[in-house]
Amino acid sequence: MGQFGIGQPVRRYEDKRLLTGNGRYQGDVNLAGQVYGVVLRSPHAHARIRGIDASAALAAPGVLAVLTGDDLVAAKLGVMGVPFQRKRPDGSPMFARAHLGLAHERVRFVGEPVAFVVANTLAEAKDAAEMVEVDYEILPSVTDTAEAGDGRVAVWDECPDNISNLFESGNKAATEAAFAGAAHIVKRRYVISRVYAHFMEPRGALGVWDAGEERFTLYADVQYPHRVRQALATRIFKIPESRIRVIAGDVGGGFGTKGWQYPEHRLVLLAARQLRRPVKWQCERSEAVLADEHARDNVSDAELALDRDGKFLALRVKTLANVGAYVSSERNLLASFSNVGTLTGVYDIPAAYVGVLAVMAHTNGTAPYRGAGRPEATYVIERLIDDAARELGQDPVELRRRNLIANAKLPYKTALGLNYDCGDFTGNQATVLELADWAGFAARRAESEARGRLRGIGLANPIEKAAGPGQEFAEIRFHPSGNVTLLMGSKNQGQGHETTFKQVLSEKLGIDPRDIQYIDGDTDRVAFGIGTNGSRSTVIGGSALWMAADKIIAKGKRLAAHLLEAAEADIEFGEGAFTVAGTDRSLSLGDVAKAAFRANNLPPGLEGGFYETGTFSPDDFTYPNGSHVCEVEIDPETGHLDIVKYVVVDDVGTVVNPIGLKGQIHGGVAQGLGQALMERVVYDNGSGQMLTGSFMDYAMPRADAVPYMSVTSNPVPTRRNPLGAKGAGEAGTVGALPAIVNAVMDALAPLGVANFDMPATPDRIWAAIAAARSGG
């Protein structure tokens, strides 16, 4: 409504507070009398713990406690666990072992928590942690995904082949039949590297025990405060949810990795109860890659069947997904299966079958990270189409165009069971090709060749399964003075939720967003919430807010009719006022809100007060989609690569804020670019030691690596929620991975490079060129 409503390029309200040092991040939270915890972590990938001697540490100055796995067992703490069952390939039950919080009897990855040392100061805790003596018997380890899948070294003695479970999707018989009759079959293996989120602020936790109320408070930078509370209460401490309060302030980046329950949460709470003092743990940058969950790490064998005319007949994919040493909760499996359905992309593929083997290795667990399976799926299908075009001597653009799902076929049920409701897939591709001047690429390539450079161009048409069925909560709370507080169950972690939700409320109620107080992240103040993940906040949280606003309007009409002495049916609401139709008699929303708190103003039967809630759950997923084009130039003598053009056409449904949308696309592409060009978690294959534990070894994209991006929207609103929104938080990453690597391959293929796996670092590009030139 007006300049602040849906569709307006409103600048973010939260930015002034955050940029002027007035944010309240996890590291800013300190309480009187707090003490400090340090986690002692395993230096070995696999070892038997023969004993732990903490006597010297306990005698050190300022030390208050040293917790080990035995203490957690004695405290009878529970574990997270997986709430569903799957089968292994032989039909036996899924193998999954949850982490206790501290290692017990064995360690199974470098960085696994072994002891928790608490002292009066951080320095004293660090010093004492070095005094804890752990007697390790080093055992063989395996960190490579393919080798772990071969069962060369068992992570768990009870599961010698390391296969946790098998997830299957599609029609295997129909797919086999389609492959049997295919004129062409293209097969490739794609390795999707392991990466880590590297948010601006590493994780932290501060635990408090109130002996009088017998109640915990956890301050933590988490994405789903209410679900963290529920997990700690019902699975770990086994107490009523009301006995735990979780407070998440400003979150310095999350991307999925800060999503749920980490061991340190229970450790600070347990220590706080034992010591009767607040206990603070703050992860340090040098510790973060060892301490946190990682992401991706898949090996996919993919096959595409085509007829003589280049029409897709079937897709067959077998994936090894490295889930790490522990399957502590459903979260550790989520990325391996939740977005498998998007493997068929935006293409009309009649048959498909996918099998995903969740493989355990001596590594950190994996979990959702910006895209949570979507980038992996899109990478496979878009790489495979480009490889098919090269192998069959066809134009990759025309091959895609021939197989795109036509608008007339929507709604469309895919071979993997997804229900695409709307979109303009053909329009997206046509528009991005025009904006990127695809037709002029040959001339640009020739110009690059004249300068001794290689030039390549890549196309990808991503689609996501987003914002699935699941509730979200909103409350609009007017006060007796007429002003308003907005409370949301989703949790902002940098996306600009405050601005987005204020725009939605302004659209519905006509309130100036600057007059709205915004609250999230506190389980005592916000009644309920699922939290932020899977591009769901605007779609589901915004829809819950829309519902709550409708209730405010309905109640306001009834009260306004009484105050204006008119029939309720004659009351209209718009521009922040209730008006008797056909007259100039009206009351502002603020005046009606004030009246709702005065008993003598109320009509018979109308409850006083002016506050409403909304809880929304969609019936089905939304499907954000788009098209990306990337153009690269490579120096063949050094392998140095520059992205010289990046163009995006996106369909995220209704665009609430164009500025915010572009920011999400830019950030998503930057993270996809990071993985495509430089990011990778690497372990030494013999010792299992992590080789990329700091920014000295783990490369991150800097400003000079990120190109100018042209972003154009082609919105097709969905009818699956009242806003028409589809979700935008992960769209950039999903398209960037395949578009960039396809461009790299297009540049290298003329030299004879047949396959190339991310990351496209200069040394890997140079090596691929050298191998091709030597016939290797």
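It should be noted that the structure appears before, not after, this text.
Analysis parameters
- Residues numbered from 1 in each chain as written.
- Predicted model: local features only at pLDDT ≥ 70, side-chain atom pairs only at ≥ 80, totals over all residues.
- Heavy atoms only, no water.
- Pairing = 2+ DSSP bridges.
- Helix = DSSP H or I, 4+ residues; strand = E, 2+ residues; numbered from the N terminus.
- Core = buried A, V, L, I, M, F, W, Y, C linked by side-chain atoms within 4.5 Å.
- Buried < 20%, exposed > 50% of the residue type's maximum accessible area, 1.4 Å probe, protein only.
- Contact = heavy atoms within 4.5 Å.
- Right-handed = clockwise from strand over helix to strand, strands pointing away.
- Axes fitted to C-alpha atoms, helices over the stretch in contact; angles between N-to-C directions.
- Parallel < 35°, antiparallel > 145°, perpendicular 65-115°, else oblique.
- Left-handed = near helix turned anticlockwise from the far one by under 90°.
- Nonpolar A, V, L, I, M, F, W, Y, C, P; charged D, E, K, R; others polar.
- Polar contact = N/O pair within 3.5 Å; in protein donor to acceptor, adjacent residues only side chain to side chain.

Novice: Before we go on, may I ask you to explain the pairing of strand β23 (residues 577–580) in this structure?
Specialist: Consecutive residues of a regular strand have side chains that alternate between opposite faces of the sheet. Two strands pair when backbone bridges link them, and strand β22 (residues 571–574) and β23 are joined in this way by 4 bridges, in the antiparallel orientation. Paired with Glu-572 across the two strands is Thr-579, which belongs to β23. The turn joining β22 and β23, which pair antiparallel and follow one another in sequence, is formed by 2 residues; a positive phi near 55° is taken by Glu-575. Sheet analysis places β23 next to strand β24 (residues 586–588), joined by 3 bridges and oriented antiparallel. If you follow Ala-577 over to β24, its bridge partner there is Ser-588. Hairpin geometry of β23 and β24 is characterised by an intervening segment of 5 residues between the two adjacent antiparallel strands and by a positive phi of about 80° at Gly-582.

Novice: What is the right way to read the nonpolar core from this model?
Specialist: For soluble globular proteins, nonpolar side chains are generally found buried alongside one another. Counting 93 residues, the largest nonpolar core has Leu-315, Leu-343, Tyr-420, Ile-643, Tyr-646, Ile-740 and Leu-748 as the members making the most contacts within it. Broken down by element, this core gets its largest block of residues, 11 residues, from helix α19 (residues 731–748). Those residues in contact with Tyr-420 that sit more than four places away from it in its chain are Thr-344, Gly-345, Ile-405, Leu-410, Pro-411, Tyr-412, Thr-414, Phe-425, Ile-463 and Tyr-623. Grouped together as the second largest cluster of nonpolar side chains are 51 residues, Leu-77, Tyr-224, Ile-244 and Met-690 included.

Novice: I would appreciate a short explanation of the pairing of strand β21 (residues 516–520) in the present structure.
Specialist: Counting buried positions over the 5 residues of β21 gives 4, a clear majority of the element. As paired strands, strand β20 (residues 484–488) and β21 are joined by 5 bridges and run parallel to one another. Across the sheet, residue Val-484 finds its bridge partner in β21, namely Ile-516. Between the parallel elements β20 and β21, the chain passes through helix α15 (residues 497–509) in a crossover that is right-handed.

Novice: So what exactly am I meant to see when it comes to the packing of helix α11 (residues 374–392) against helix α12 (residues 396–403) here?
Specialist: To describe two helices that pack against each other, one gives the angle between their axes and the distance between the axes. Put simply, α11 and α12 touch, their axes get as near as 9 Å, and they point 120° apart. On the basis of their axis angle, the class for α11 and α12 is oblique. The two elements α11 and α12 meet at a crossing, and its hand is right-handed. Seen from α11, the contacting residues are Glu-382, Ile-385, Asp-386, Ala-388 and Ala-389; seen from α12, they are Pro-396, Leu-399 and Arg-400. Looking at the contact of α11 with α12 residue by residue, the class counts come to 5 nonpolar, no polar and 3 charged.

Novice: I'm lost on the packing of helix α18 (residues 658–677) against α19 in this one. Help?
Specialist: Their axes nearest at 7 Å, the elements α18 and α19 cross at an angle of 40°. When the interaxial angle is binned, α18 and α19 end up oblique. In the crossing of α18 with α19, the sense of the turn from one axis to the other is right-handed. Of α19, the residues touching α18 (which contributes Ile-665, Gly-668, Val-669, Gln-671, Gly-672, Leu-673, Gln-675, Ala-676 and Leu-677) are Ala-731, Gly-732, Thr-733, Ala-736, Leu-737, Ile-740 and Val-741. Taken together, the residues that form the contact of α18 with α19 break down as 10 nonpolar, 6 polar and no charged.

Novice: Explain the side chain of Thr-342 to me, please; I cannot follow it from the model alone.
Specialist: Relative to the helices and strands, Thr-342 resides in the loop between α10 (331–337) and β15 (351–359). On the accessibility criterion, Thr-342 (1% relative accessible area) is buried. Looking at Thr-342, its side chain comes within polar contact range of the main-chain oxygen of Asn-339, at 2.8 Å. Setting aside residues no more than four positions away along its own chain, Thr-342 makes contact with Arg-374, Ala-377, Leu-418, Ile-463, Glu-464 and Lys-465.

Novice: What exactly am I supposed to notice about the sheet that holds strand β6 (residues 133–138) here?
Specialist: Sheets are built from strands that pair by backbone hydrogen bonding, the pairs being arranged parallel or antiparallel. Spatial strand order, β4-β2-β6: 3 strands in an open sheet with antiparallel pairing. On the outer flanks of this sheet lie β4 (106–107) and β6, each paired with one strand and no other. As defined by bridge partners, strand β2 (residues 47–53) adjoins β6 across 6 bridges and the pair is classed as antiparallel. Directly across from Ala-47, in β6, lies its bridge partner Ile-138.

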